[in-house]
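Single-letter residue listing:
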Amino acid sequence: MPSSRMLPAHACLIMLLLCACWGLNMVAMKLGTAGIPPLLQGAMRSAGAAVLGLLWCRARGVRLSRILHDGTLLPGVAAGVIFGVEFGCFYLGVARTSASRAVLMVYTAPFFVLLLSRWFLPGDVLGPRVLLGLGVAFLGLLLSMADGLAQPAGPQALLGDALCLLGGFGWGCTTVLVKASRLSLAPPDQTMMYQLVVSVPVLLAFSWLLGEGGVTSPTALVWWSLAYQTVVVAFASYAAWFWLVRNHSAARLSAFTFITPLFGALAGGVLLGDRLGPLFLAALALVSAGIWIVQRR
């Protein structure tokens, strides 16, 4: 089955659920930084999800010791380092800008996937119709970005936006690396564990270098936000994402993530009071139309 084949209905449904989870995740990250320094929060999230992943693998009889002889160790460690840097940028960026602006910058990742796929995934062929759909969805994203950037977000907002954009590039790199290396043949659990385990020391090292302290305000809301990031996002949603990347077109999957900024902007507006401008509905319509064009037969 060619990797560029249209996504089946169950993959589309899973991607919609993942986009909703990831959109809300930016709000959870923003709430968590009120009581836990950004990079330390990221390390705690990865560590907690790694423990859950180990228990999950043990319960299913998955032997992670295979990494010593299946050829995935080097690309797995590389993916974990990129993942750590990527989420370091995410957490530092979210702490400096609004959740609505941050999620728009992060989800430029599909375009980096599309660009990198041209060189590293020659089998992931995209025809004119798919490129048209991506272009329509991108226009919707630009409308959302124009609307979001017009809203006030503090003196460090541009730095936060740039960090989130860099994180989006990192996400695109990890997606293509998983698809282009031996990791594409590894169980999704194994790929997830590489990224979670390796990212912990990476994030802790950056936290130490930047002089972050410990937990400053351990409120119930802070702990609930960390729990959501750990259990729902870093554990459950990433396992589903890597399974999808292993079995379907990376570029087609990434096209679906265009809708995540809209979930994120909506969540930021409802939960954090981020103002949603008049272009939001137009952006939603364009992104939805672009995804439909990409996925239609």
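Scroll up a little and you will see the structure.
Rules used throughout
- Each chain carries its own residue numbering, running from 1 in the direction its sequence is written.
- Predicted model: local features are reported for residues with pLDDT of at least 70 only, side-chain atom pairs are reported and counted for 80 or more only, and whole-chain, interface and lining totals are derived from all residues.
- Side-chain figures throughout are based on the complete set of non-hydrogen atoms in the structure, without hydrogens or water.
- The numbering of helices and of strands both runs from the N terminus, where a helix is a DSSP run of H or I of at least 4 residues and a strand a run of E of at least 2.
- Only protein chains enter the area calculation, which uses a 1.4 Å probe; residues under 20% of their type maximum are buried, those over 50% are exposed, and those in between are partly exposed.
- Any pair of residues with heavy atoms lying within 4.5 Å of one another is described as a contacting pair.
- Per-residue accessibility takes into account occlusion by the displayed protein chains alone, with areas from the Shrake-Rupley method and a 1.4 Å probe.
- Among the buried residues, those of types Ala, Val, Leu, Ile, Met, Phe, Trp, Tyr and Cys that are joined through side-chain atoms within 4.5 Å form a nonpolar core.
- Disulfides are defined as pairs of cysteine sulfur atoms found within 2.5 Å of each other.
- Centre distance within 6.5 Å is the pairing criterion for rings of Phe, Tyr and Trp, where only the six-membered ring of Trp is used; planes under 30 degrees apart are then read as stacked, over 60 as edge-to-face, and the remainder as tilted.

### Topic: the overall build of the protein chain
Logical step 1: In terms of regular secondary structure, the protein chain is built from 12 helices and zero strands.
Logical step 2: When the helices and strands of the protein chain are placed in sequence order, the string is α-α-α-α-α-α-α-α-α-α-α-α.
Logical step 3: Expressed as a percentage of its 297 residues, the buried residues of the protein chain come to 54%.
Logical step 4: Put simply, 91% of the contacts in the protein chain that link residues at least 6 apart link residues at least 24 apart.
Logical step 5: Summing over all exposed atoms, the protein chain offers an accessible surface of approximately 12800 Å²; the carbon and sulfur share of this is 74%.

### Describing the nonpolar core
Logical step 1: Residues M15, W22, M26, Y238 and W241 are the most contacted members of the largest nonpolar core, which totals 57 residues.
Logical step 2: By size, the runner-up hydrophobic cluster in this structure holds six residues, among which are V113, L116, C173 and A250.

### Things to note about the side chain of T230
Logical step 1: Assignment of secondary structure puts T230 in helix α9 (residues 220–247).
Logical step 2: For T230, the contacting residues outside a window of four places in its chain are R45, G48, A49, L52 and F235.

### Some remarks on the state of the cysteines
Logical step 1: Scanning the entire structure with this criterion turns up zero disulfides.
Logical step 2: No disulfide involves C21; its nearest neighbouring cysteine sulfur is the one of C19, lying 9.3 Å away.

### Quick notes on the side chain of N25
Logical step 1: With respect to the helices and strands, N25 occurs in helix α1 (residues 9–32).
Logical step 2: Dropping the residues within four chain positions of it, N25 is found in contact with R45, Y228, Q229 and V233.

### Structural notes on the environment of P8
Logical step 1: By the secondary structure assignment, P8 is in the segment before α1.
Logical step 2: C-alpha of P8 to C-alpha of H248: the two residues are 240 residues apart in sequence and 9.2 Å apart in space.

### Quick word on the packing of aromatic side chains
Logical step 1: Counted under the stated rule, the structure contains 10 aromatic pairs.
Logical step 2: Their ring planes at 85 degrees and their centres at 5.4 Å tell us that W22 and W171 sit as a pair that is edge-to-face. Separated by 149 residues along the polypeptide, W22 in helix α1 and W171 in helix α7 (residues 157–180) bring together distant segments of the chain.
Logical step 3: On the accessibility criterion, W22 (4% relative accessible area) is buried.
Logical step 4: W171 gets classed as buried once you look at its relative accessible area, which sits at 11%.
Logical step 5: Residues W22 and W241 carry aromatic rings whose centres are separated by 5.5 Å and whose planes lie at 80 degrees to one another, so their mutual orientation is edge-to-face. One end of the pair, W22, is in helix α1; the other, W241, is in helix α9, and 219 residues separate them in sequence. Like W241, W22 is buried.

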